[in-house]
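Working through the structure, step by step
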Amino acid sequence: MSNSSSPLLEVKNLKKYFKTPKGMLHAVDDVSFTIDRGRTLGVVGESGCGKSTTGRAILRIVEPTEGEILFDGEDIRSLGKDQMRRMRTRMQIIFQDPFSSLNPRKTVSETIAEPLKLNGIITDKGKRMERVAEIMEIVGLAERLYNAYPHELDGGRRQRIGIARALALNPQFIVCDEPVSALDVSIQAQILNLMDELQEKMGLTYMFITHDLSVVHYFADDIAVMYLGRLIEKAPAKELFRNPVHPYTQALLSAIPVPSIHNQRKRILLKGEITSPVDPKPGCRFASRCPYASSRCHSEEPQLKEIAPGHFNACFLNE
Ligand SMILES: Nc1ncnc2c1ncn2[C@@H]1O[C@H](COP(=O)(O)OP(=O)(O)OP(=O)(O)O)[C@@H](O)[C@H]1O
Ligand SMILES: [Mg+2]
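As a starting point, this report considers the structure included with it. Treat the numbers as computed from the prediction; the structure is a model and nothing was measured.

1. Quick word on the overall build of the protein
Helices and strands together make up the secondary structure of the protein, namely 10 helices and 12 strands. In terms of overall dimensions, the protein is globule-like: its C-alpha atoms have a radius of gyration of 21 Å, near the 20 Å expected for 319 residues. If you line up the protein on its principal axes, its C-alpha atoms span 65 × 50 × 45 Å. Looking at the 319 residues of the protein, the share that counts as buried comes to 49%.

Laid out in structure tokens, this is it:
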């Protein structure tokens, strides 16, 4: 099935709803996108808009409610448990907080060796440890840290362990869920450079989730903007920053400080109440805060449409 010219990942009409005491929470609601091989899709949007849930649903860490996920042409929602376990070696995730995702009682080398052992990739202990040493070198962890414990390391090194763990199985695709958000700015740059290098060397494809637009500007090829479970705009990164079309994207981008005062966009402050993601009413979910909303926006949901090559937008204003 694999075809090197097709996207590595195709997500079609993905939905993830959570049953809550108040009703059905639409965490991800009919989201479709593709990511080409070796590319990075940045996913941005306010807290709670469904970024992490989208990433987790793609890896089936949470089971999607509806939709199709094609990975390298294969419909992964139809895979059984064992097939999915094998598939997971090709799809990995890196988390925001490396500390809480690391077992405090395991050394660096044990932590990195674990996925190799659990997946039966390298059964011989000596060989496994050789591979661990190799990966440690790739991610820039000094050999002397082999028997160190997570609490003995700083945030940057801990995140290098998280990356090493994800790389151990030689994946093609990595969901990076706020991988640098918990780190000091100086260390953020080091980790981003490392991830960039690894992508180049190994041909990795990334879904890069962040709330930090300056990071994604630098790091992503394409950017997807989410709002309350919906994908509302997607475009190549440069295009999105030059020409944001959706009123929500415009407001989001206006909040980034620009070094030169002459180029500073006027900050758009959003008023109005945020719509509830629980049993959302018909209409655009942004309408309650949108300065341009018309009556149509309150009754009909705008769909994502291609308005220029590679530039998708879900808003009636620019149809
Ligand atoms: N297991 C769950 N059960 C119920 N609701 C959930 C669950 N996981 C996430 N949600 C809800 O789904 C919505 C989307 O959450 P998600 O964590 O995907 O957002 P996010 O964009 O990653 O936010 P953040 O930037 O804060 O990480 C939120 O309203 C959240 O409360
Ligand atoms: Mg999240």
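2. Examining the sheet that holds strand β12 (residues 311–313)
Sheet strands pair via backbone hydrogen bonds, and the direction of the pair is either parallel or antiparallel. Reading across from one edge, β6-β7-β8-β3-β9-β10-β12-β11 is the order of the eight strands in this open sheet, with mixed pairing throughout. Unpaired on one side and paired on the other, β6 (91–94) and β11 (305–308) mark the two borders of the sheet. Each strand of the sheet is rotated relative to its neighbour by a mean of 25°, with strand direction disregarded. Inspection of the sheet shows strand β3 (residues 40–44) paired to strand β9 (residues 222–227) by four bridges, in the parallel sense. Directly across from Gly-42, in β9, lies its bridge partner Ile-223. Against the sheet, helix α6 (residues 185–202) touches β3, β6, β7 (173–177) and β8 (205–209), its axis set at about 155° to β8.

3. Observations regarding helix α1 (residues 51–58)
Of all the eight residues making up α1, six are buried; the element is thus mostly covered by neighbouring parts of the structure. By the burial criterion, the buried members of α1 are Lys-51, Thr-53, Thr-54, Gly-55, Ala-57 and Ile-58. Just beyond α1, the residue with positive phi is Arg-60, at close to 60°.

4. Points about the packing of aromatic side chains
Counted according to the given criterion, the structure contains seven aromatic pairs. On the numbers, 4.7 Å between centres and 45° between planes, the contact of Phe-208 with Phe-219 is tilted. Pair noted here: Phe-208 is in strand β8 and Phe-219 is in helix α7 (residues 213–219), with a separation of 11 residues, a long-range link. Ring pairs connect the aromatic residues Tyr-206, Phe-208, Tyr-218 and Phe-219, which therefore count as one cluster. Over the ring of Phe-316 we find Arg-296; its NZ or CZ atom is 3.7 Å from the centre of that ring.

5. Here's the deal with the nonpolar core
Among the nonpolar cores identified, the biggest contains 37 residues, and Ile-112, Ile-163 and Met-195 are the most heavily contacted of them. Broken down by secondary-structure element, the contributors of at least two residues to this core are α3 (108–118), α4 (125–138), α5 (155–167), β7, α6, β8 and α7. Examining the composition of this core, we find that six residues originate from one element, α6, more than from any other. Sequence-distant contacts of Ile-112, that is, excluding residues within four places in its chain, are made with Val-132, Ile-135, Met-136, Leu-141, Ile-161, Ala-164, Arg-165 and Ala-168. Counting 30 residues, the second largest nonpolar core, distinct from the first, contains Phe-33, Met-87, Met-91 and Ile-209.

6. Describing the environment of Arg-85
Looking at where Arg-85 falls in the secondary structure, it is placed in helix α2 (residues 81–88). Given a relative accessible area of 46%, Arg-85 falls into the partly exposed group. When the C-alpha positions of Arg-85 and Asn-119 are compared, they lie 8.0 Å apart, and in sequence the two are 34 residues distant.

7. What about the site of ligand 1?
Near ligand 1 the following residues occur: Phe-18, Leu-25, Ala-27, Glu-46, Ser-47, Gly-48, Cys-49, Gly-50, Lys-51, Ser-52 and Thr-53. Here an oxygen atom of ligand 1 sits 2.5 Å away from a polar atom, N or O, in the side chain of Ser-47. Within the contact set of ligand 1, an oxygen atom lies 2.5 Å away from a side-chain nitrogen or oxygen of Thr-53. Here ligand 1 loses 61% of its free accessible area of 640 Å² to cover by the protein chains. Taken together, the elements giving at least two residues each to the shell around ligand 1 come down to β2 (23–35) and α1.

8. Overview of α3
Three or more residues of α3 are buried, namely Val-108, Ser-109, Thr-111, Ile-112, Ala-113, Pro-115 and Leu-116. Residues of α3 that are buried make contact with α4 and α5. Gly-120 sits one or two positions beyond α3 and adopts a positive phi of about 60°.

9. A short note on unusual backbone geometry
Positioned with a positive phi, Asp-30 is a non-glycine residue whose angle comes to about 70°. One can find Asp-30 in strand β2. By relative accessible area, Asp-30 is classed as partly exposed at 28%. Of note, the phi angle at Leu-228 is positive, near 40°, even though the residue is not glycine. Along the chain, the position of Leu-228 falls in the loop between β9 and β10 (230–236).

10. Digging into the environment of Arg-157
Relative to the assigned elements, Arg-157 resides in helix α5. Remark: the alpha-carbon pair of Arg-157 and His-217, spanning 60 residues in sequence, is separated by 24 Å.

11. Things to note about the side chain of Arg-158
Mapped onto the fold, Arg-158 is located in helix α5. What makes Arg-158 buried here is its relative accessible area of 17%. Among the polar contacts listed, one links the side chain of Arg-158 to the backbone oxygen of Pro-150, at a separation of 3.2 Å. A distance of 2.9 Å separates a polar atom in the side chain of Arg-158 from the backbone oxygen of Leu-153.

Cut-off values and rules
- Residues numbered from 1 in each chain as written.
- Chains lettered and ligands numbered in written order.
- Predicted model: local features only at pLDDT ≥ 70, side-chain atom pairs only at ≥ 80, totals over all residues.
- Heavy atoms only, no water.
- Helix = DSSP H or I, 4+ residues; strand = E, 2+ residues; numbered from the N terminus.
- Rg over C-alpha atoms; globule rule 2.2 N^0.38 Å.
- Buried < 20%, exposed > 50% of the residue type's maximum accessible area, 1.4 Å probe, protein only.
- Pairing = 2+ DSSP bridges.
- Axes fitted to C-alpha atoms, helices over the stretch in contact; angles between N-to-C directions.
- Contact = heavy atoms within 4.5 Å.
- Phe/Tyr/Trp six-rings, centres within 6.5 Å; stacked < 30°, edge-to-face > 60°.
- Lys NZ or Arg CZ within 6 Å of the ring centre and 35° of its normal.
- Core = buried A, V, L, I, M, F, W, Y, C linked by side-chain atoms within 4.5 Å.
- Near = heavy atom within 4 Å.
- Polar contact = N/O pair within 3.5 Å; in protein donor to acceptor, adjacent residues only side chain to side chain.
- Areas by Shrake-Rupley, 256 points an atom, 1.4 Å probe, with all protein chains shown as cover.

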